[in-house]
4 protein chains.
Amino acid sequence: MPRVSAAYLAERRAHILEAAARCFAREGFHRATLQHIVREAGLSPGAIYRYFSSKEDIVAAIASERHAAERVLLRGTATERGALPGVAELARAFLGRLGRPAEREWRRVTVQLWSEALRSPRVMEVVRSGLDEPLRLVAARLRAGQRDGTIARDVDATATARVAAAVFEGLVLQQAWEPGLDVERFVRAAVRLLEGLAPAGRRRASARKRQARGAQE
Amino acid sequence: MPRVSAAYLAERRAHILEAAARCFAREGFHRATLQHIVREAGLSPGAIYRYFSSKEDIVAAIASERHAAERVLLRGTATERGALPGVAELARAFLGRLGRPAEREWRRVTVQLWSEALRSPRVMEVVRSGLDEPLRLVAARLRAGQRDGTIARDVDATATARVAAAVFEGLVLQQAWEPGLDVERFVRAAVRLLEGLAPAGRRRASARKRQARGAQE
Amino acid sequence: MPRVSAAYLAERRAHILEAAARCFAREGFHRATLQHIVREAGLSPGAIYRYFSSKEDIVAAIASERHAAERVLLRGTATERGALPGVAELARAFLGRLGRPAEREWRRVTVQLWSEALRSPRVMEVVRSGLDEPLRLVAARLRAGQRDGTIARDVDATATARVAAAVFEGLVLQQAWEPGLDVERFVRAAVRLLEGLAPAGRRRASARKRQARGAQE
Amino acid sequence: MPRVSAAYLAERRAHILEAAARCFAREGFHRATLQHIVREAGLSPGAIYRYFSSKEDIVAAIASERHAAERVLLRGTATERGALPGVAELARAFLGRLGRPAEREWRRVTVQLWSEALRSPRVMEVVRSGLDEPLRLVAARLRAGQRDGTIARDVDATATARVAAAVFEGLVLQQAWEPGLDVERFVRAAVRLLEGLAPAGRRRASARKRQARGAQE
DNA sequence: AATGAATGAGCTTTCATTCAT
DNA sequence: TATGAATGAAAGCTCATTCAT
């Protein structure tokens with residue numbers, strides 16, 4: 001099948017990546033053998049190696065794809081609204097997406113990428129650069145909120161952004177372990193925490209509204 | 001009628017686990033071979049198999065040890081103080097401990113256990129039961145705070161406990177990736193978030209104290 | 001009804017063989033992959049297989065080409081002069097040619113063909129028929145020398161021809177290992193040995209001439 | 001089978017080497033797979049890798065063993081006799097040994113080592129150091145002969161030693177190709193050539209003796 | 001209780017060859 | 001004719017595990 005289009009090649013590559021991701025989600029990077037991927041992709045070993053130079057290359061490519069998808073998601077969130085709602089929207093975008101059953105596979109792969117990053121500089125680079133941009137963005141929004149008075153001045157924007165990222169990571173993890181987790185509820189609790197960053201005086205109104213609903217469970 | 005004392009056996013077992021943990025931290029569960037562990041422990045393969053039935057058994061044992069250590073830590077935190085300070089103390093105990101360089105190895109192993117849990121029911125069981133107890137404890141303290149008025153009624157204690165656990169997990173992860181991370185600052189930001197859970201009226205005083213210091217960075 | 005001329009085909013074939021020989025000289029028959037040859041020739045795998053039915057076919061073709069070239073060289077040496085000078089000329093023709101840097105590649109390929117012949121009847125046939133003709137020719141010249149009195153009667157022409165061939169082979173080998181080898185000097189020493197085949201009485205004159213120069217090193 | 005003697009280990013190693021040599025002689029280094037060697041040795045792949053770190057390591061070890069054996073052979077030849085007989089003895093020792101059917105396998109392996117040396121620095125080193133010592137020894141004996149008058153002054157000892165080595169190499173090759181070769185006759189012809197190095201005057205007597213037998217074939 | 005040589009299934013990767021285009 | 005993506009058998013090698021000593 002010679003002289004095929006670039007689109008065909010890209011599609012083939014994506015096809016392999018998807019097959020590999022399914023295998024990795026199911027069995028882990030190390031248990032999933034190339035034979036599994038070969039079978040899942042319906043190809044031959046040689047075909048795989050035409051698109052990727054090694055198994056690790058596939059892992060790194062998956063990390064990259066994931067990273068790219070998150071970057072798109074990140075940039076898609078509006079910046080127009082107030083700082084606190086902006087961050088909350090970000091949280092909903094990221095966390096909410098994870099709740100979708102279709103993402104189940106990705107959550108499992110993501111957790112593995114975290115651990116793989118500890119061994120593979122290539123994966124580490126992808127994973128860390130995937131963390132840095134959200135960190136900067138959230139910190140910037142928090143600082144904007146401090147300037148326009150919607151966020152208390154005593155908040156450490158940089159460190160709080162890290163905490164927010166940690167919440168996201170922890171959710172990915174807990175959901176990977178417990179697919180039935182109630183993400184909506186988790187997200188609401190996270191957003192409630194964020195609202196505690198508002199200056200003391202400004203919290204009254206929203207607090208009262210919420211009080212009406214009452215605590216759950 | 002054992003030829004050697006139980007203490008000797010326990011010591012041997014612990015010795016192997018420590019050697020294995022060093023190997024796992026250094027190379028990951030899958031890259032670390034039994035030969036590496038054998039070398040690190042200064043023993044023979046046969047000796048290892050006298051104490052553990054398989055490599056996975058070693059991994060599970062490490063997870064258990066970790067779990068037991070955390071349980072001790074958890075139970076060591078006082079319940080006497082008010083709810084919010086109690087949770088904050090818990091946060092400091094767990095998060096602060098992670099900052100110690102000596103724990104660096106453990107952080108790396110922990111992240112790997114998370115991903116290993118996805119494949120191994122045994123590890124999963126240990127890891128999840130290690131999460132459940134803190135979850136219950138934190139939720140209970142939050143509810144106690146709601147009863148005594150130090151925590152707002154609109155807070156979802158159960159979900160917030162999960163968010164708190166997520167913050168802990170995210171910190172473990174970020175520190176594993178970036179050993180130089182400023183944990184103190186991270187912990188302060190996390191505690192600040194928790195304080196936002198206080199009822200609107202009660203926050204004025206502490207907020208003003210903090211305002212004096214100003215935000216960092 | 002060929003679409004392209006026979007000359008074009010032959011040229012293509014030769015082009016591939018040259019590319020293959022360069023690869024073989026550089027990496028050996030077994031390390032050199034068809035992909036290497038494809039790249040070196042600037043063609044596609046399919047194109048190669050249009051001219052050769054297998055990798056081994058290329059090897060055999062290279063051996064044949066080499067053989068043909070040597071046959072030409074062999075027939076080009078004059079038979080007119082006396083027997084001993086005739087053999088010496090042959091030696092000079094063969095050995096001297098090897099000294100040329102351009103032949104370096106061929107020496108490496110030749111040594112590999114020798115070893116390949118042990119496994120491949122096709123290569124063996126080519127290699128041995130390439131040895132037989134020189135063997136017969138040299139033996140014939142030695143016998144002619146015995147008839148005209150320039151070579152001692154006690155010389156075993158057939159066996160001596162083999163020894164002469166061995167000298168040639170050994171030189172190819174030593175030069176393949178050590179490209180800087182002083183071939184001229186080697187050839188002189190070999191010719192000097194041949195002169196020892198002259199009947200005792202006839203050696204005086206040439207011996208004295210040489211004595212003047214003295215031994216080297 | 002733990003804690004075995006060093007002798008057992010050495011024997012095991014030798015056993016593997018012999019099995020490998022048989023495979024290599026039969027199929028060549030590249031065609032002979034580890035599985036072949038495993039089967040021939042009656043062991044498992046893992047067992048082989050306990051003694052050798054790679055297939056190439058086995059090849060190099062075989063070259064070394066061969067080299068060591070030749071060194072012993074070389075040193076075993078007397079130096080007491082005159083120079084020319086000394087060299088002739090050397091020739092007989094080396095060449096004669098090759099004629100033995102038991103050495104057939106070794107000849108085939110040797111030819112392959114020559115070609116392997118072109119690709120493997122390790123093998124090259126072994127092969128070349130195996131050539132250097134005989135070269136020096138033969139050259140020294142030739143020079144001794146020149147000093148005591150048994151070898152003509154016009155002989156280039158160094159280059160002639162190389163020619164002698166070439167004769168040896170050529171014989172190995174020709175015999176590998178043609179196991180039925182009459183080595184005795186080849187050796188006699190080679191020795192006859194060496195005798196031509198005697199000063200002109202001294203050759204009369206031996207020449208006449210030989211004349212009686214006459215040329216063969 | 002401890003040793004460590006041995007096992008062997010199974011890993012990732014290669015590469016001569018094919019054939020739809 | 002030529003292309004080059006695809007094949008798939010088989011390569012070298014690893015390593016968790018066993019068991020005779």
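**Some points on the overall build of chain A**
Inference 1: Counting its regular elements, chain A contains 10 helices and zero strands.
Inference 2: Its helices and strands taken in sequence order, chain A reads α-α-α-α-α-α-α-α-α-α from the N to the C terminus.
Inference 3: Every one of the 217 residues in chain A was classed for burial, and the buried ones make up 53%.
Inference 4: Pairs at least 24 residues apart make up 66% of the contacts formed inside chain A by residues separated by at least 6 positions.

**Let's talk about the interface of chain A and chain B**
Inference 1: Each side of the interface is counted separately: chain A has 60 residues, and chain B has 61 residues.
Inference 2: For the pairing of chain A and chain B, the buried interface totals around 5,600 Å² over both sides, and the portion due to carbon and sulfur atoms is 59%.
Inference 3: Of the charged contacts, one joins A:Arg185 and B:Asp156 as a salt bridge, the two residues approaching to 2.6 Å between their closest N and O atoms.
Inference 4: Here chain A and chain B share 18 residue pairs in polar contact (both at pLDDT 80 or more) between them.

**Digging into the pattern of salt bridges**
If the charged atoms of two oppositely charged side chains come close together, the side chains can form a pair.
Inference 1: Counted according to the given criterion, the structure contains 45 salt bridges over all chains.
Inference 2: Between A:Glu116 and A:Arg119 there is a salt bridge; the shortest N-O distance is 2.9 Å.
Inference 3: Across the salt bridge formed by C:Glu70 and C:Arg66, the nearest N and O atoms sit 3.6 Å from each other. Taken as a pair, C:Glu70 and C:Arg66 lie in helix H4 (residues 55-76) at a separation of four residues, close to a single helical turn.
Inference 4: For C:Arg66, a relative accessible area of 9% corresponds to the buried category.
Inference 5: What you see here is one network of salt bridges that share partners, running through C:Arg66, C:Glu70, C:Arg97 and C:Glu103.

**Things to note about the nonpolar core**
Inference 1: In terms of nonpolar packing, the biggest core is built from 152 residues, with C:Phe24, C:Ile58, C:Trp177, D:Phe24, D:Ile58 and D:Trp177 touching the most fellow members.
Inference 2: Not counting the four nearest positions on each side in its chain, D:Phe24 is found in contact with D:Phe29, D:Ala32, D:Ile37, D:Lys55, D:Ile58, D:Val59, D:Ile62, D:Val109 and D:Gln112.
Inference 3: Counting 149 residues, the second-largest nonpolar core is a separate cluster that includes A:Phe29, A:Leu131, A:Ala190 and B:Val167.

**Concerning the relation of the copies chain A and chain B**
Inference 1: Once turned by 179 degrees and shifted 0.0 Å along the axis, chain A lies on chain B with an RMSD of 0.2 Å. Within this description, the copies of the chain are treated as partners about a two-fold rotation axis. The C-alpha atom lying nearest the rotation axis in chain A is that of A:Gly196; the distance is 1.8 Å.
Inference 2: With an isologous cut-off of 70% or more, the 100% of interface residues of chain A that recur at the interface of chain B puts this contact in the isologous class.

**Describing the packing of helix H1 (residues 6-31) of chain A against helix H4 (residues 55-76) of chain A**
Residues and elements named next belong to chain A.
Inference 1: At a minimum axis separation of 10 Å, H1 and H4 run at an interaxial angle of 100 degrees. With respect to H4, the axis of H1 lies roughly perpendicular. Contacts from Arg13, Leu17, Ala20, Ala21, Phe24, Phe29 and His30 in H1 reach Lys55, Ile58, Val59, Ala61, Ile62 and Glu65 in H4.
Inference 2: Residues that form the contact of H1 with H4 fall into these classes: nine nonpolar, one polar and three charged.

**Some thoughts on the environment of C:Leu90**
Residue and element names in this part refer to chain C.
Inference 1: Residue placement: Leu90 occurs in helix H5 (residues 83-99).
Inference 2: For the pair Leu90 and Val138, spaced 48 residues apart in sequence, the C-alpha to C-alpha distance is 8.4 Å.
Inference 3: With near-sequence residues (within four places) excluded, Leu90 lies in contact with Leu74, Thr77, Leu137, Val138 and Arg141.

**Regarding the side chain of B:Arg162**
Inference 1: Tracing the sequence through the fold places B:Arg162 in helix H8 (residues 157-177).
Inference 2: With relative accessibility at 13%, the residue B:Arg162 sits in the buried group.
Inference 3: Not counting the four nearest positions on each side in its chain, B:Arg162 is found in contact with A:Gln174, A:Glu178, A:Leu181, A:Phe186, B:Leu131 and B:Leu135.

**Notes on the relation of the copies chain C and chain D**
Inference 1: For the pair chain C and chain D, the superposition axis carries a translation of 0.0 Å, the fit reaches an RMSD of 0.1 Å, and the rotation angle comes to 179 degrees.
Inference 2: An overlap of 100% is found between the interface residues of chain C and their copies at the interface of chain D, pointing to a shared contact surface.

**Things to note about the side chain of D:Glu103**
Residue and element names in this part refer to chain D.
Inference 1: With respect to the helices, strands and loops of the structure, Glu103 is situated in the loop between helix H5 (83-99) and helix H6 (104-117).
Inference 2: With a relative accessible area of 7%, Glu103 lands in the buried category.
Inference 3: Setting aside chain neighbours within four positions, we find Glu103 in contact with Arg66, Arg97 and Leu98.

**Concerning the interface of chain C and chain D**
Inference 1: On the side of chain D, 61 residues touch chain C, which itself brings 60 residues to the contact.
Inference 2: Taking both partners together, chain C and chain D bury about 5,600 Å²; carbon and sulfur atoms supply 59% of that area.
Inference 3: A salt bridge links C:Asp154 to D:Arg192, with the shortest nitrogen-to-oxygen separation between them at 2.7 Å.
Inference 4: Summed over the shared surface of chain C and chain D, the number is 18 residue pairs in polar contact (both at pLDDT 80 or more).
Inference 5: Sort the elements by how many residues they give to the side of chain C that touches chain D and helix H8 (residues 157-177) of chain C lands first, with 15 residues.
Inference 6: For the side of chain C that touches chain D, the class distribution of residues is 29 nonpolar, 14 polar and 17 charged.

**Side note on the environment of A:Met124**
Inference 1: Counting through the fold element by element, A:Met124 comes out in helix H7 (residues 121-147).
Inference 2: With relative accessibility at 16%, the residue A:Met124 sits in the buried group.
Inference 3: For the pair A:Met124 and A:Gly170, spaced 46 residues apart in sequence, the C-alpha separation works out to 18 Å.
Inference 4: Excluding residues that lie within four positions of it along the chain, A:Met124 makes contacts with A:Ala117, A:Leu118 and B:Trp177.

**Side note on H5(C)**
Inference 1: In this model H5(C) runs 24 Å from its N-terminal to its C-terminal C-alpha over 17 residues, within 8% of the 24 Å that 1.5 Å per residue would give.
Inference 2: On its buried face, H5(C) is in contact with H4, helix H6 (104-117), helix H7 (121-147), H8 and helix H9 (183-195) of chain C.

**Some words on the packing of aromatic side chains**
Inference 1: According to the stated counting rule, one finds 12 aromatic pairs over all chains in the structure shown.
Inference 2: Residues A:Trp177 and B:Trp114 carry aromatic rings whose centres are separated by 6.5 Å and whose planes lie at 75 degrees to one another, so their mutual orientation is edge-to-face. Taken together, the residues span two chains, with A:Trp177 in helix H8 (residues 157-177) and B:Trp114 in helix H6 (residues 104-117).
Inference 3: A residue is classified by how much of its surface remains accessible, and A:Trp177, at 5% relative accessible area, is buried.
Inference 4: Pairing D:Phe24 with D:Phe29 gives two aromatic rings, centres 4.7 Å apart and planes at 90 degrees, and the pair type is edge-to-face. Assigned by exposure class, D:Phe24 and D:Phe29 land together as buried.

**Here's the deal with H8(B)**
Along an α-helix, residues three or four apart share an orientation, since each turn contains 3.6 residues.
Inference 1: If you check H8(B), its first and last C-alpha atoms are 30 Å apart, about what 21 residues at 1.5 Å a residue would give, namely 30 Å.
Inference 2: Judged by how many residues are buried, H8(B) sits mostly within the fold: 19 of 21 residues are covered.

**As for the packing of helix H1 (residues 6-31) of chain B against H6(B)**
All names here are of chain B.
Inference 1: Contact pair H1 / H6: the axes reach a minimum separation of 9 Å and the direction vectors enclose 40 degrees. Taken together, H1 and H6 sit at an angle that is classed as oblique. Crossing of H1 over H6 shows left-handed handedness. Only Glu105, Arg108, Val109, Gln112, Leu113 and Glu116 of H6 make contact with H1, whose side of the interface consists of Ala21, Arg22, Phe24, Ala25, Arg26, Gly28, Phe29 and His30.
Inference 2: Across the contact of H1 with H6, the residue classes tally to six nonpolar, three polar and five charged.

**Focus: the confidence of the model for chain A**
Inference 1: For chain A, the average pLDDT comes to 87, and 88% of its residues sit at 70 or higher.
Inference 2: A low-confidence stretch, residues 207-217 of chain A (pLDDT under 50), is modelled with 17 contacts involving residues beyond four sequence positions or located in other chains.

**Some remarks on the environment of C:Asp156**
Inference 1: Summarising the element assignment, C:Asp156 is placed in the loop between H7 and H8.
Inference 2: Classification of C:Asp156 by relative accessible area gives buried; the value is 9%.
Inference 3: Separated by 28 residues in the primary sequence, C:Asp156 and C:Arg128 place their C-alpha atoms 21 Å from one another.
Inference 4: A distance of 2.6 Å separates the side chain of C:Asp156 from the side chain of D:Arg185, its partner in a polar contact.

Thresholds, definitions, all that
Residues numbered from 1 in each chain as written. Chains lettered and ligands numbered in written order. Predicted model: local features only at pLDDT ≥ 70, side-chain atom pairs only at ≥ 80, totals over all residues. Heavy atoms only, no water. Helix = DSSP H or I, 4+ residues; strand = E, 2+ residues; numbered from the N terminus. Buried < 20%, exposed > 50% of the residue type's maximum accessible area, 1.4 Å probe, protein only. Contact = heavy atoms within 4.5 Å. Buried area = accessible area lost by both parts, 1.4 Å probe. Salt bridge = Lys/Arg side-chain N within 4 Å of Asp/Glu carboxyl O. Polar contact = N/O pair within 3.5 Å; in protein donor to acceptor, adjacent residues only side chain to side chain. Core = buried A, V, L, I, M, F, W, Y, C linked by side-chain atoms within 4.5 Å. Least-squares fit on C-alpha atoms with pLDDT ≥ 70 in both. Axes fitted to C-alpha atoms, helices over the stretch in contact; angles between N-to-C directions. Parallel < 35°, antiparallel > 145°, perpendicular 65-115°, else oblique. Nonpolar A, V, L, I, M, F, W, Y, C, P; charged D, E, K, R; others polar. Expected span 1.5 Å × (residues − 1). Phe/Tyr/Trp six-rings, centres within 6.5 Å; stacked < 30°, edge-to-face > 60°. Left-handed = near helix turned anticlockwise from the far one by under 90°. pLDDT = per-residue confidence, 0-100.

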